[in-house]
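This is what each chain is made of:
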There are 6 protein chains.
Amino acid sequence: MPILQIEILKGRTVEQKREMARRVTEAVSETLNCPKEAVSIIIREMETENFAKAGKLRVDVQ
Amino acid sequence: MPILQIEILKGRTVEQKREMARRVTEAVSETLNCPKEAVSIIIREMETENFAKAGKLRVDVQ
Amino acid sequence: MPILQIEILKGRTVEQKREMARRVTEAVSETLNCPKEAVSIIIREMETENFAKAGKLRVDVQ
Amino acid sequence: MPILQIEILKGRTVEQKREMARRVTEAVSETLNCPKEAVSIIIREMETENFAKAGKLRVDVQ
Amino acid sequence: MPILQIEILKGRTVEQKREMARRVTEAVSETLNCPKEAVSIIIREMETENFAKAGKLRVDVQ
Amino acid sequence: MPILQIEILKGRTVEQKREMARRVTEAVSETLNCPKEAVSIIIREMETENFAKAGKLRVDVQ
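From a predicted model like this one, the values you see are computed outputs, not experimental measurements.

Criteria and cut-off values
Residues numbered from 1 in each chain as written. Chains lettered and ligands numbered in written order. Predicted model: local features only at pLDDT ≥ 70, side-chain atom pairs only at ≥ 80, totals over all residues. Heavy atoms only, no water. Least-squares fit on C-alpha atoms with pLDDT ≥ 70 in both. Contact = heavy atoms within 4.5 Å. Pairing = 2+ DSSP bridges. Helix = DSSP H or I, 4+ residues; strand = E, 2+ residues; numbered from the N terminus. Axes fitted to C-alpha atoms, helices over the stretch in contact; angles between N-to-C directions. Buried area = accessible area lost by both parts, 1.4 Å probe. Salt bridge = Lys/Arg side-chain N within 4 Å of Asp/Glu carboxyl O. Nonpolar A, V, L, I, M, F, W, Y, C, P; charged D, E, K, R; others polar. Expected span 1.5 Å × (residues − 1). Buried < 20%, exposed > 50% of the residue type's maximum accessible area, 1.4 Å probe, protein only. Polar contact = N/O pair within 3.5 Å; in protein donor to acceptor, adjacent residues only side chain to side chain. Right-handed = clockwise from strand over helix to strand, strands pointing away.

**Q** Please clarify how the relation of the copies chain C and chain B should be interpreted in this entry.
**A** Relating the two copies of this chain is a rotation about some axis coupled with a shift parallel to it. Between chain C and chain B, which share one sequence, the superposing operator has a rotation angle of 180° and an axial displacement of 0.0 Å; the RMSD is 0.0 Å. Such values leave the two copies arranged in the relation of a two-fold axis. A shared interface surface links the copies, since 100% of the contact residues of chain C are contact residues in chain B too.

Pasting the structure below:
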C-alpha cells in the first residue's frame, strides 16, 4: 500500500517513465519490505509556468 | 472542511463525475457529520502512461 | 484505481471513519463503474492550528 | 523546504501566476523564517468539471 | 477555491502559522483575483526523519 | 525538481526510510535524468485506522 505521487516537468518519454516506475517500485518494495504488487505510483506532469522555486516561475528561468 | 482529492484514469463522462460528486459528498456529510456545503472535491485525471501498479505503467497492461 | 485523499479535522471516531470509508467506496464504485477492491482511501487528520480559511487559523475561530 | 501545492481553476494568465509565486514565496519566507531559495510551489489547474463544492460540479453552477 | 497545501518541518509556533496563513491568503487573493473567503490552507508538519533531499534524510544532515 | 510524496503505514524504522530515500532518489535521478540534488521526498505515515481499501479500514483487516 505504499502510494507514491511524483511531480515532474513535462518532457519525459514513456520509456523514461516506464524505467522510473520499474526501478522506484523495486526500491520501495525492497527497502520497506512489501510486495511490488502493493506499490502504486501516480505521475503528474507540470508545464514550466506551473512550477516556481525561490519565487520565480521555471518558465522565466534560463 | 473535508477536502477530498480523487485520482482517476481519464475517460469518465461529466455525468459520471456529477453523480460521483453528489453521492460522495452525501456520504461524507452524513458519516462525518458536517454540512454538504463544507465538502470540496478535487478530481484529477491521469493518462494511462502516468499510473503504475506493481512497477508497470497502466498503458503497458492489457 | 481511484485513489482518494481526504483531509479532516481531528476528532472523528473510528466508527465514523469506518462508515465514511464504506459509503464513499460504494459511491465511487457505483458511479465511476469500477470494483470496490480498486478503491483506496487515505485519511489525514489536522489539528485546528493547521487549517486556515479566509486567512484565519481554525483554532482562532469560534 | 516549504513545499506548496496550490489548486486553482484554469484561466489565470502567466502574469498572474508570476505575481502569485513571487508574493506567496515572500510571505512564506518572512513568516516561517526560511530563505526564499527553499520555497517550492506547484500550481495545478482544474477544468470546471473537475471541482465540486456542496456536491455540485463547478461547471453546473452559474 | 484556491486550495493550498503546505509542507513544513515541525517546529513553527502557532503565531508563525497565523501570520503565514494571513499573508499567504492576502497574496493569493490579490494576485489571483478571488475573495479571501475562498482561500483554504492545509498545513502539514513533518518530522526530520520524514523528509529527504538528494537522497539524504533531513535528520541525518547537520 | 522531481518532488515525491510517499504514503506508508506507520511502523518502518529510520534505517528503512534512510535506505528507501537513498535508493528511490538514485532510481529517479538515473531514469529521469536529473541530479540527485534536485530530488525531494516527503514521507507521510498513517495509522491503520486512516487507510481503507475496498471500503474497509486497514485496522479492521487481519
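Now that the structure has been shown, the text picks up again.
**Q** Before we go on, may I ask you to explain the sheet that holds strand 2 (residues 40–46) of chain B in this structure?
**A** Hydrogen bonding along the main chain pairs the strands of a sheet, whether they run parallel or antiparallel. Read from one edge to the other, the open sheet built from eight strands follows the order 4(D)-3(D)-2(B)-1(B)-1(C)-2(C)-3(F)-4(F), with strand pairing classed as mixed. Bordering the open sheet on either side are strand 4 (56–57) of chain D together with strand 4 (56–57) of chain F, each of which pairs with just one other strand. Sheet topology places strand 2 (residues 40–46) of chain C next to strand 3 (residues 51–53) of chain F; three bridges connect them, and they run antiparallel. By the bridge assignment, C:Ile42 is partnered in strand 3 of chain F with F:Phe51. Together, strand 1 (3–9) and strand 2 of chain B, strand 1 (3–9) of chain C together with strand 3 (51–53) and strand 4 of chain D form the strand contacts of helix 1 (residues 14–32) of chain B, whose direction differs from that of strand 2 of chain B by roughly 140°. Each of strand 1 of chain B, strand 1 and strand 2 of chain C together with strand 3 and strand 4 of chain F touches helix 1 (residues 14–32) of chain C; the most contacted strand, strand 2 of chain C, lies at about 140° to it.

**Q** What is the right way to look at the sheet that holds strand 4 (residues 56–57) of chain A in this model?
**A** Strands sit in the order 4(A)-3(A)-2(D)-1(D)-1(E)-2(E)-3(C)-4(C) across an open sheet of eight strands; the sheet is mixed. Since the sheet does not close on itself, it has two edges, and those belong to strand 4 of chain A together with strand 4 (56–57) of chain C, each with one partner. Here seven bridges tie strand 1 (residues 3–9) of chain E to strand 2 (residues 40–46) of chain E, and the two strands are oriented parallel to one another. The residue bridging E:Leu9 from the neighbouring strand is E:Met46, located in strand 2 of chain E. Sitting on the sheet, helix 1 (residues 14–32) of chain D is in contact with strand 3 (51–53) and strand 4 of chain A, strand 1 (3–9) and strand 2 (40–46) of chain D together with strand 1 of chain E, with an inclination near 140° to strand 2 of chain D. Relative to the sheet, helix 1 (residues 14–32) of chain E contacts strand 3 (51–53) and strand 4 of chain C, strand 1 of chain D together with strand 1 and strand 2 of chain E, its axis offset from that of strand 2 of chain E by approximately 140°.

**Q** Where do I start with the interface of chain C and chain B in this structure?
**A** How big an interface is tends to be stated in terms of accessible area lost as the parts join. The partner chain B presents 27 residues to the 27 residues of chain C that form the contact. Ranking the residues of chain C by area buried against chain B places C:Met1, C:Arg23 and C:Leu32 at the top, with a combined share of 27%. Residues C:Glu30 and B:Arg23 are paired through a salt bridge, measuring 2.7 Å at the closest nitrogen-oxygen approach. Broken down by secondary-structure element, the contributors of at least two residues to the side of chain C that touches chain B are strand 1, helix 1 and strand 2 of chain C. The greatest single-element share of the side of chain C that touches chain B, amounting to 11 residues, is contributed by helix 1 of chain C. Per-class residue counts for the side of chain C that touches chain B are 15 nonpolar, four polar and eight charged.

**Q** Can you help me understand helix 1 (residues 14–32) of chain A in this one?
**A** Every α-helix carries 3.6 residues per turn, so stepping three or four residues along brings you back to the same face. The terminal C-alpha atoms of helix 1 of chain A lie 26 Å apart, and with 19 residues this matches the ideal 27 Å at 1.5 Å per residue to within 8%. For helix 1 of chain A, the full list of buried residues reads A:Lys17, A:Met20, A:Ala21, A:Val24, A:Thr25, A:Ala27, A:Val28, A:Ser29, A:Thr31 and A:Leu32. Buried residues along helix 1 of chain A sit against strand 1 (3–9) and strand 2 (40–46) of chain A, strand 3 (51–53) and strand 4 (56–57) of chain B together with strand 1 (3–9) and helix 1 (14–32) of chain F.

**Q** Looking at this structure, I do not really get the interface of chain D and chain F. What am I missing?
**A** Contacts between chain D and chain F engage five residues on the former and five residues on the latter. For the chain D and chain F pair, buried surface summed over both sides reaches about 290 Å², with 70% attributable to carbon and sulfur atoms. Looking only at chain D, the three residues that lose the most surface to chain F are D:Ile3, D:Gln5 and D:Ile42, adding up to 88% of its buried area. Viewed at the interface, chain F and chain D are joined by zero salt bridges. Summed over the shared surface of chain D and chain F, the number is one residue pair in polar contact (both at pLDDT 80 or more). Contributions of two or more residues to the side of chain D that touches chain F are made by strand 1 and strand 2 of chain D. Of the residues assigned to the side of chain D that touches chain F, the class counts are two nonpolar, two polar and one charged.

**Q** Sorry if this is basic, but what is going on with the pairing of strand 1 of chain C here?
**A** Within a regular strand, side chains alternate between the sheet's two faces. Burial runs high along strand 1 of chain C: seven of the seven residues are buried. Judged by which residues are buried, strand 1 of chain C turns out to be covered on both faces: C:Ile3, C:Gln5, C:Glu7 and C:Leu9 on one side and C:Leu4, C:Ile6 and C:Ile8 on the other are all buried. Pairing between strand 1 of chain B and strand 1 of chain C: five bridges, direction antiparallel. Paired with B:Ile6 across the two strands is C:Leu4, which belongs to strand 1 of chain C. Of the crossover connections in this fold, the one passing from strand 1 of chain C over helix 1 of chain C to the parallel strand 2 of chain C is right-handed.

**Q** Explain unusual backbone geometry here, please?
**A** Trans is the prevailing form of peptide bonds, just as negative phi is the prevailing case for residues other than glycine. Even without glycine at this site, B:Asn33 takes up a positive phi of about 65°. The topology assignment puts B:Asn33 in the loop between helix 1 and strand 2. Here B:Asn33 falls in the exposed class, since its relative accessible area comes to 64%. A positive phi angle is found at E:Ala54, which is not glycine, with a value near 60°. Residue placement: E:Ala54 occurs in the loop between strand 3 (51–53) and strand 4 (56–57). Here E:Ala54 falls in the partly exposed class, since its relative accessible area comes to 27%.

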